[in-house]
Amino acid sequence: MPSLLLRGLTHFATSCFCLLLTACAEAPAQSLTTPPAAPAPAEITAPQPAMIAPEVKLSFADWRTLLRSDAIAAGIDADLFDRTFADISLDPNVIKADNSQPEFSRPVWEYIDGAVSVSRIAQGRLLKAQHRPTLKAIRSAYAVDHEVLIAIWGMESNYGSNIGSHNVIRSLATLAYDGRRQVFWRSQLLAALQILQAGDGPAQGLIGSWAGAMGQTQFMPTTFNQHAVDFDGDGRRDLWSSTPDALASAAHYLQASGWENGQPWGFEVNLPQGFDYALADPEVRRSLAQWRSLGVNPVRAIDASEQSLATLFLPAGHRGPAFLLLNNFRSILKYNNSTAYALAIGLLSDALDGNPGVQAAWPRNDRQLGRSERIELQERLSAKGYEPGPADGIIGANTRKAVRAFQQSLGHPADGYPSHELLKQLRN
Ligand code: CA
């Protein structure tokens with residue numbers, strides 16, 4: 001959230017630094033849906049008046065001492081805390097990963113190519129057949145379809161083969177001490193200690209990604225505490241080595257996120273000539289019948305109620321494929337708040353069900369805007385009187401709206417897609 005910090009500095013140049021830290025730390029997580037549970041001391045303290053010297057950063061050892069008393073107050077056993085933290089040091093690689101802002105990210109078609117690869121589909125089909133009795137029992141318990149669970153398993157850990165090798169306590173301690181959203185990370189760290197106290201972690205300790213996502217379904221600690229289940233009945237919620245526990249936990253999470261069993265996540269559609277692309281906006285929800293009356297038709301037969309509400313999604317702008325998205329897509333977004341991720345899960349689920357892939361061609365020759373170009377785009381839109389939000393290089397709802405308004409002023413297809421052509425127009 002460097003842009004937030006920068007904006008704060010402009011506005012509160014004479015205020016104390018802890019106010020900025022709090023504002024920064026309270027920003028919502030992008031892909032981790034559980035809100036922070038435990039407030040950090042900085043949040044309890046009222047903002048200090050101006051003219052106070054910048055806050056002196058605690059040493060890691062002093063910070064750990066404060067964390068220890070918070071953890072004990074939250075019910076963590078003192079011996080468990082001391083044993084767990086005995087060899088914990090800061091991990092510089094975790095800070096590097098947290099601060100990484102790559103200039104170029106992969107275009108959505110390359111991401112989908114990698115996520116929904118031929119080998120992943122083949123392996124997923126095999127595993128779906130192998131685990132059929134477990135999947136049936138899970139569907140009886142949580143009313144979640146087989147395919148989406150296998151797809152999540154495939155995307156999160158390549159079917160359990162890549163669950164990360166970081167010490168989760170070390171990663172979370174590093175992020176809670178020195179990361180960008182310290183309140184959030186601290187709540188994850190306390191939740192991880194609760195998992196250890198409940199005896200659910202593996203004997204070698206909590207292993208996961210650099211950001212603390214754990215097991216075959218890559219649950220964050222707070223998500224683990226809310227949604228992980230012991231499905232194989234051995235008394236432990238073991239997302240690391242028990243596939244039934246991992247798949248059932250994902251099902252439990254999707255159920256809590258409003259999954260509608262038997263309904264599609266969405267489907268690819270054809271758009272008619274002269275279509276108004278401004279309707280491809282997450283805020284425009286219409287029934288399938290209404291979309292049909294506008295000439296928006298599925299590319300293949302779909303089993304969904306005509307009254308279901310859907311939004312139109314153009315992941316690569318008007319020159320690429322179009323999709324109608326139903327409620328289940330929103331449930332997947334609660335698992336991981338990235339439309340590219342949710343689209344990949346949907347397409348992989350379809351493929352596991354024997355359906356063909358995306359029919360329309362992706363605009364593979366389009367050059368993606370780099371981060372500095374996206375920032376420039378936002379700055380130039382602002383200069384022209386549009387309101388794309390802070391110039392942070394992140395294309396969110398406000399930036400798309402501003403892009404759309406600018407496209408409309410030019411008489412171009414208003415798909416809200418930030419193309420290289422559009423940036424050229426803005427430079428003129
Ligand atoms: Ca178990």
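1. Digging into the pattern of salt bridges
Consideration 1: A full pass over the atoms with the stated rule returns 18 salt bridges.
Consideration 2: Here Asp178 and Lys57 are joined by a salt bridge, their closest N and O atoms 3.5 Å apart. Of the two residues, Asp178 sits in helix α11 (residues 168-178) while Lys57 sits in the loop between α3 (41-44) and α4 (60-73), which places them 121 residues apart along the sequence.
Consideration 3: By relative accessible area, Lys57 is classed as partly exposed at 48%.
Consideration 4: Note that Asp98 is salt-bridged to Arg180, the shortest N-O span being 3.7 Å. Of this pair, Asp98 sits in helix α6 (residues 92-99) while Arg180 sits in the loop between α11 and α12 (182-198), placing them 82 residues apart in sequence.
Consideration 5: When salt bridges with common partners are traced through the structure, they connect Glu376, Arg380 and Arg427 into a single cluster.

2. Observations concerning the packing of α11 against α12
Consideration 1: The contact between α11 and α12 brings their axes to 7 Å, and the two run at 150 degrees. In terms of orientation, α11 lies roughly antiparallel with respect to α12. Handedness of the α11/α12 crossing: left-handed. Taken together, the residues of α12 that come into contact with α11 (itself represented by Ile169, Leu172, Ala173, Leu175, Ala176, Tyr177 and Asp178) are Gln182, Trp185, Arg186, Gln188, Leu189, Ala192, Leu193 and Leu196.
Consideration 2: For the contact of α11 with α12, the residue count by class is 11 nonpolar, two polar and two charged.

3. Here we look at the coordination of the calcium ion
Consideration 1: Protein-derived coordination of the calcium ion comes from Asp230 (OD), Asp232 (OD), Asp234 (OD), Arg236 (O), Asp245 (OD) and Asp245 (OD), at a distance range of 2.2 to 3.1 Å.
Consideration 2: Given six donor atoms and angles of 46 to 161 degrees at the metal, the environment of the calcium ion is assigned as irregular.
Consideration 3: Spacing between the donor residues of the calcium ion along their common chain follows D-x1-D-x1-D-x1-R-x8-D. Here the residue Asp230 occupies a position in the loop between α13 (221-227) and α14 (243-256), and Asp245 occupies one in helix α14, the gap between them amounting to 15 residues.
Consideration 4: Taking relative accessible area as the criterion, Asp230 reaches 29% and is therefore assigned partly exposed.
Consideration 5: Judged by its relative accessible area of 0%, Asp245 falls in the buried class.

4. Quick look at the packing of aromatic side chains
Consideration 1: The full count for this structure, using the stated rule, is 17 aromatic pairs.
Consideration 2: When the centroid spacing of 5.4 Å and the interplanar angle of 75 degrees are considered together, the rings of Phe60 and Tyr177 count as edge-to-face. With a gap of 117 residues between them, Phe60 in helix α4 and Tyr177 in helix α11 connect regions that are remote in the sequence.
Consideration 3: Their ring planes at 15 degrees and their centres at 4.4 Å tell us that Phe81 and Phe85 sit as a pair that is stacked. Taken together, the residues span about one helical turn, with Phe81 and Phe85 both in helix α5 (residues 78-85) at a distance of four residues. Each member of the pair, Phe81 as well as Phe85, is classed as buried.
Consideration 4: Grouping aromatic residues by their ring pairs yields a cluster made of Trp265, Phe313, Phe323 and Phe329.
Consideration 5: Across the ring face of Tyr177, the terminal group of Lys57 is positioned such that the distance to the ring centre comes to 4.3 Å.

5. Things to note about the nonpolar core
Consideration 1: Among the nonpolar cores identified, the biggest contains 84 residues, and Phe85, Val148, Leu149, Leu189 and Leu343 are the most heavily contacted of them.
Consideration 2: Among the elements that make up this core, the one with the highest residue count is helix α17 (residues 339-352) (nine residues).
Consideration 3: Every residue in contact with Leu149, bar those within four places of it in the chain, is listed here: Leu135, Ile138, Val144, Leu247, Ala250, Ala251 and Leu254.

6. A short note on the side chain of Arg120
Consideration 1: Of note, Arg120 is situated in helix α8 (residues 118-130).
Consideration 2: Buried and without a salt bridge, Arg120 has Glu156 as its closest oppositely charged side chain, separated by 9.8 Å.
Consideration 3: At a separation of 3.0 Å, a polar atom in the side chain of Arg120 contacts the main-chain carbonyl oxygen of Ala115.
Consideration 4: If we ignore the near neighbours within four places in the chain, the residues touching Arg120 are Gly114, Ala115, Gly154, Met155, Asn158, Tyr159 and Leu348.

7. A word on α5
Consideration 1: Regarding α5, the residues found buried are Leu80, Phe81, Thr84 and Phe85. Burial along α5 is one-sided: seen end-on, the buried residues are contained in an arc of 115 degrees. More than 90 degrees from the buried face of α5, the exposed residues found are Asp79 and Arg83.
Consideration 2: If you follow the buried residues of α5, they end up packed against α4, α11 and α12.

8. Section: the sheet that holds strand β6 (residues 309-313)
Consideration 1: As summarised here, the arrangement of the five strands in space is β4-β6-β7-β3-β5, forming an open sheet in which the pairing is antiparallel. Strand pairing shows two members of the sheet lacking a second neighbour, β4 (286-287) and β5 (297-298), which therefore form its edges.
Consideration 2: Relative to β5, strand β3 (residues 266-270) is paired through two bridges, and the arrangement is antiparallel. Across the sheet, the residue bridging to Asn270 is Asn297, located in β5.

9. With respect to the confidence of the model for the protein chain
Consideration 1: Per-residue pLDDT for the protein chain averages 88, and the proportion of residues at 70 or more is 87%.
Consideration 2: With pLDDT under 50 throughout, residues 1-50 is counted as low confidence; its partners more than four residues away or in other chains account for 66 contacts.

10. Some details on α17
Consideration 1: Here α17 is 14 residues long and its end C-alpha atoms lie 20 Å apart, about the 20 Å a rise of 1.5 Å per residue gives.
Consideration 2: Extensive coverage of α17 is indicated by the burial of 12 of its 14 residues.
Consideration 3: Turning to α17, its buried residues are Tyr341, Ala342, Leu343, Ala344, Ile345, Gly346, Leu347, Leu348, Ser349, Asp350, Ala351 and Leu352.
Consideration 4: Where α17 is buried, its residues touch α7 (108-115), α8, α10 (146-157), β6, β7 (322-325) and α16 (327-335).
Consideration 5: Two residues or fewer past α17, Gly354 is found with a positive phi of approximately 90 degrees.

Parameters and conventions
Residues numbered from 1 in each chain as written. Predicted model: local features only at pLDDT ≥ 70, side-chain atom pairs only at ≥ 80, totals over all residues. Heavy atoms only, no water. Salt bridge = Lys/Arg side-chain N within 4 Å of Asp/Glu carboxyl O. Helix = DSSP H or I, 4+ residues; strand = E, 2+ residues; numbered from the N terminus. Buried < 20%, exposed > 50% of the residue type's maximum accessible area, 1.4 Å probe, protein only. Axes fitted to C-alpha atoms, helices over the stretch in contact; angles between N-to-C directions. Parallel < 35°, antiparallel > 145°, perpendicular 65-115°, else oblique. Left-handed = near helix turned anticlockwise from the far one by under 90°. Contact = heavy atoms within 4.5 Å. Nonpolar A, V, L, I, M, F, W, Y, C, P; charged D, E, K, R; others polar. Donors = N, O, S within 2.8 Å, 3.2 Å for Na, K, Ca; no water. Tetrahedral: all angles 85-135°; square planar, octahedral: opposite > 155°, others 65-115°. Phe/Tyr/Trp six-rings, centres within 6.5 Å; stacked < 30°, edge-to-face > 60°. Lys NZ or Arg CZ within 6 Å of the ring centre and 35° of its normal. Core = buried A, V, L, I, M, F, W, Y, C linked by side-chain atoms within 4.5 Å. Lys, Arg positive; Asp, Glu negative; His and termini not counted. Polar contact = N/O pair within 3.5 Å; in protein donor to acceptor, adjacent residues only side chain to side chain. Arc of directions from axis to C-beta. Pairing = 2+ DSSP bridges. pLDDT = per-residue confidence, 0-100. Expected span 1.5 Å × (residues − 1).

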